[in-house]
Amino acid sequence: MSQLEDFLAGERHEDVALFLTDEYLDSQGKLPKMGETVDSGYVLVVPGDDGRRAFAAGTGMDAMEFARGAMDQRGHISRTVDGGECPAADGDDEDHAVEFIFAFSEAQNEEVGGLYAHGDVIHAYAHCACGESYSDKWVVGEETETGVQPGGAEPVEDVE
């Protein structure tokens, strides 16, 4: 398995995943293209502290401040952390392309309850070309039953 596949399977809780589009990398030029190539850019899976520094170098933002700000708005982020659906889009995809994503995972924790009782949880935070930032989270293995689903605006938080 690749590092990205391991991350998406909830097997790399100490790491973070970063997605940057080709266009964003070209315009910023601060982050080397060391990740896995995907259709619209690159995804890097790196140890947490290194990932937060790489995120800051590539975006000019502190990763955790970005995540805190993005938590205020929910939207669908692809389960492969390489795209999303901006909640401000209104059907106009041209101005609403994801520029970058920051993601991490947390191990299952039955004591916390909610999603965490059902399995490992991926937290993802996206930034759109329009300036909107948004978040999504889902249970590994239950991606189609949890989080904001494609075309939706409200998260599915309860898993029976």
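Before reading further, recall that the structure is shown in the block above.
Notes on the structure in this doc start here.

**Considering helix α3 (residues 48–59)**
At 3.6 residues per turn, the α-helix brings residues three or four places apart onto the same side.
Move 1: Its 12 residues place the ends of α3 16 Å apart at the C-alpha level, agreeing with the 16 Å of an ideal helix rising 1.5 Å per residue.
Move 2: Residue Gly-60 follows α3 closely and has a positive phi angle near 80°.

**Overview of the sheet that holds strand β7 (residues 121–128)**
By way of backbone hydrogen bonds, the strands of a sheet pair with one another, either parallel or antiparallel.
Move 1: In spatial order, the strands read β2-β3-β1-β6-β7-β8; together these six strands make up an open sheet with antiparallel pairing. Edge positions in the sheet fall to β2 (36–38) and β8 (133–139), since each has one partner strand and no second. Averaged over all pairs of adjacent strands, the angle between strand axes in this sheet comes to 20°, irrespective of strand direction.
Move 2: As judged from the five bridges shared by strand β1 (residues 15–21) and strand β6 (residues 98–106), these two strands associate in the antiparallel manner. Within β6, the position partnered with Val-16 by the bridge is Phe-104.
Move 3: In the packing of α3 onto the sheet, the strands contacted are β1, β3 (41–47) and β6, and the crossing angle to β1 comes to about 20°.
Move 4: Of the strands in this sheet, β6, β7 and β8 touch helix α4 (residues 63–70), which is tilted by about 90° from β7.

**Brief notes about the packing of aromatic side chains**
Both the distance between ring centres and the angle between the ring planes are used here to describe each pair of aromatic rings.
Move 1: The tally for this structure, following the rule as stated, stands at six aromatic pairs.
Move 2: Within the aromatic cluster, the residues linked to one another by ring pairs are Phe-55, Phe-66, Phe-100, Phe-102, Phe-104 and Tyr-125.

**Topic: the nonpolar core**
Move 1: Grouped together as the largest cluster of nonpolar side chains are 21 residues, with contacts concentrated most on Val-81 and Ile-101.
Move 2: At the level of secondary structure, the elements contributing two or more residues to this core comprise α1 (3–8), β1, β3, β6, β7 and β8.
Move 3: With 15 residues, the next largest nonpolar core counts Val-16, Leu-44, Ala-63 and Phe-100 among its residues.

Basis of the calculations
Residues numbered from 1 in each chain as written. Predicted model: local features only at pLDDT ≥ 70, side-chain atom pairs only at ≥ 80, totals over all residues. Heavy atoms only, no water. Helix = DSSP H or I, 4+ residues; strand = E, 2+ residues; numbered from the N terminus. Expected span 1.5 Å × (residues − 1). Pairing = 2+ DSSP bridges. Axes fitted to C-alpha atoms, helices over the stretch in contact; angles between N-to-C directions. Contact = heavy atoms within 4.5 Å. Phe/Tyr/Trp six-rings, centres within 6.5 Å; stacked < 30°, edge-to-face > 60°. Core = buried A, V, L, I, M, F, W, Y, C linked by side-chain atoms within 4.5 Å. Buried < 20%, exposed > 50% of the residue type's maximum accessible area, 1.4 Å probe, protein only.

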